[in-house]
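What follows is each chain in one-letter form.
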Amino acid sequence: MATGRGVPLVLLAVLALQGSGAVKVGHVLMQTEFYQRDETRNKEGGQFMFDFDGDEIFHVDLEKSETIWRLPIFTTFTSFEAQGALQNIAVDKQNMEIMMKRSNRSQGTIAPPEVTVFSEDPVELGDPNILICYVDKFWPSVITITWMKNGQEVTEGVSETVFYRQADNGFYKFSYLPFIPTRGDYYDCRVEHWGLRDPLMTHWEPQVPLPVSESTETLVCALGLAVGIVGIVVGTILIIKAMKMNNARNQRGLL
């Protein structure tokens with residue numbers, strides 16, 4: 001158990017190997033869950049999820065008591081009752097109270113996030129794409145991610161993943177923003193976390209070449225044509241000179 005700025009956080013990770021037969025060496029099915037409470041605002045929350053080799057299989061929406069599968073096709077192979085996750089979170093809550101008393105409500109070390117913004121696909125003006133805000137290496141799991149377009153907040157189409165646990169018990173997560181690259185538009189991923197004194201703004205804008213003006217295109221074409229004409233003239237002159245020299249040598253040979 002650890003706490004930070006009045007928010008106790010208990011993180012419980014359980015390694016579960018599924019199936020009655022042998023488990024292939026090197027693959028891990030992981031169950032991760034935690035419960036947390038913001039005592040300053042009297043708010044509580046948590047998370048319950050399963051992943052395979054670091055890729056999410058499903059998580060449980062604790063408020064809706066609903067299992068959310070990362071890919072719908074997974075439901076054709078297995079199922080999971082959300083009530084089981086709620087029971088586990090209730091046990092975590094009880095364990096946290098015990099651990100808080102034992103630790104005399106000691107404070108944990110807050111780790112600020114690192115933020116990277118990139119596009120899902122190479123950027124082409126006018127082609128639909130997705131911006132990804134990758135927020136990494138932070139603790140605790142209390143964070144706000146906001147998208148800004150040209151300085152204005154954007155909410156339409158925005159989605160986020162659950163919190164993913166790292167080996168050092170820190171967290172990372174992704175936020176997605178569908179967009180159509182347009183010249184002149186710029187975007188910022190705004191992240192708020194207790195480890196940051198001020199919100200962290202990570203800037204992104206399409207890196208595309210500037211358009212060539214019509215006058216520039218005309219000039220380039222004219223230069224190309226002029227170079228071509230000069231080449232033809234010079235080549236013709238050289239051919240004529242070569243022919244004259246050849247004729248002169250032939251005449252000296254006859255003498």
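Residues numbered from 1 in each chain as written. Predicted model: local features only at pLDDT ≥ 70, side-chain atom pairs only at ≥ 80, totals over all residues. Heavy atoms only, no water.

Participant: Would you mind going over the packing of aromatic side chains with me for this structure?
Facilitator: For any pair of aromatic rings, the description rests on two quantities: the centre-to-centre distance and the angle between the ring planes. According to the stated counting rule, one finds 19 aromatic pairs in the structure shown. Ring geometry for Tyr134 against Phe174: centres 4.9 Å apart, planes inclined by 20 degrees, an arrangement best described as stacked. In this pair, Tyr134 is assigned in strand E8 (residues 129-138) and Phe174 in strand E13 (residues 171-179), connecting sequence segments 40 residues apart. Through pairs of rings, three or more aromatic residues link up here, namely Phe48, Phe50, Phe58, Trp69 and Phe80. The ring of Phe163 is capped by Lys173, whose NZ or CZ atom sits 4.2 Å from the centre of that ring. (Phe/Tyr/Trp six-rings, centres within 6.5 Å; stacked < 30°, edge-to-face > 60°. Helix = DSSP H or I, 4+ residues; strand = E, 2+ residues; numbered from the N terminus. Lys NZ or Arg CZ within 6 Å of the ring centre and 35° of its normal.)

Participant: Is there a simple way to explain the pairing of E13 in this structure?
Facilitator: Sheet faces and side chains relate simply in a regular strand, where the side chains alternate between the two faces. Note that E8 and E13 share 8 bridges and pair antiparallel. Counted as the bridge partner of Cys133 is Ser175 from E13. Both strand E11 (residues 159-160) and E13 contribute to a ladder of 2 bridges, which runs antiparallel. In the sheet register, Glu160 faces E13, and the bridge partner there is Ser175. (Pairing = 2+ DSSP bridges.)

Participant: Can you walk me through the sheet that holds strand E14 (residues 187-193) in this structure?
Facilitator: The pairing of strands in a sheet comes from backbone hydrogen bonds and takes either a parallel or an antiparallel form. What the 4 strands build is an open sheet, ordered E10-E9-E14-E15; its pairing is antiparallel. Two strands lie at the open edges of the sheet, namely strand E10 (152-154) and strand E15 (200-204), each paired on one side alone. Each strand axis lies, on average, 35 degrees off the axis of its neighbour in the sheet, ignoring direction. For E14 and E15, the ladder comprises 5 bridges, and the chain directions are antiparallel. Note on E15: the bridge partner recorded for Cys189 is Thr202. (Axes fitted to C-alpha atoms, helices over the stretch in contact; angles between N-to-C directions.)

Participant: Whenever I open this one, the side chain of Ser141 confuses me. Can you help?
Facilitator: By secondary structure assignment, the location of Ser141 is in the loop between E8 and strand E9 (143-149). In this structure the side chain of Ser141 is engaged in a polar contact, spanning 2.7 Å, whose partner is the side chain of Gln36. (Polar contact = N/O pair within 3.5 Å; in protein donor to acceptor, adjacent residues only side chain to side chain.)

Participant: Help me understand the nonpolar core in this model?
Facilitator: Soluble globular proteins: nonpolar side chains tend toward being buried together. Judged by nonpolar contacts, the single largest core of 21 residues is most densely connected at Leu131, Cys133, Val135, Cys189 and Val191. Contributions of two or more residues to this core are made by strand E7 (114-119), E8, E9, E13 and E14. The element contributing the most residues to this core is E8, with 4 residues. Excluding residues that lie within four positions of it along the chain, Cys133 makes contacts with Val115, Thr116, Val117, Ile145, Trp147, Lys173, Phe174, Ser175 and Cys189. (Core = buried A, V, L, I, M, F, W, Y, C linked by side-chain atoms within 4.5 Å. Buried < 20%, exposed > 50% of the residue type's maximum accessible area, 1.4 Å probe, protein only. Contact = heavy atoms within 4.5 Å.)

Participant: Hey, could you run me through unusual backbone geometry in this one?
Facilitator: With the exception of glycine, most residues fall at negative phi, and the peptide bonds are largely trans. In this structure, Pro140 follows Trp139 across a cis peptide bond, with omega equal to 0 degrees. Looking at where Pro140 falls in the secondary structure, it is placed in the loop between E8 and E9. In this model, Ser65 sits at a positive phi of 55 degrees, which is unusual for a non-glycine residue. For Ser65, the location among the structural elements is in the loop between strand E5 (55-61) and strand E6 (66-69).

Participant: Any chance you could explain the confidence of the model for the protein here in plain terms?
Facilitator: Low pLDDT means the predicted atomic positions in that stretch should not be read closely. Summing up the model confidence of the protein, the mean pLDDT is 82 and the portion of residues at 70 or higher is 75%. Across the protein, the element-wise mean pLDDT spans from 40 in strand E1 (residues 2-4) up to 98 in E14. Below a pLDDT of 50 lies the segment residues 1-23, which in the model reaches 73 contacts outside its immediate sequence neighbourhood of four places, other chains included. (pLDDT = per-residue confidence, 0-100.)

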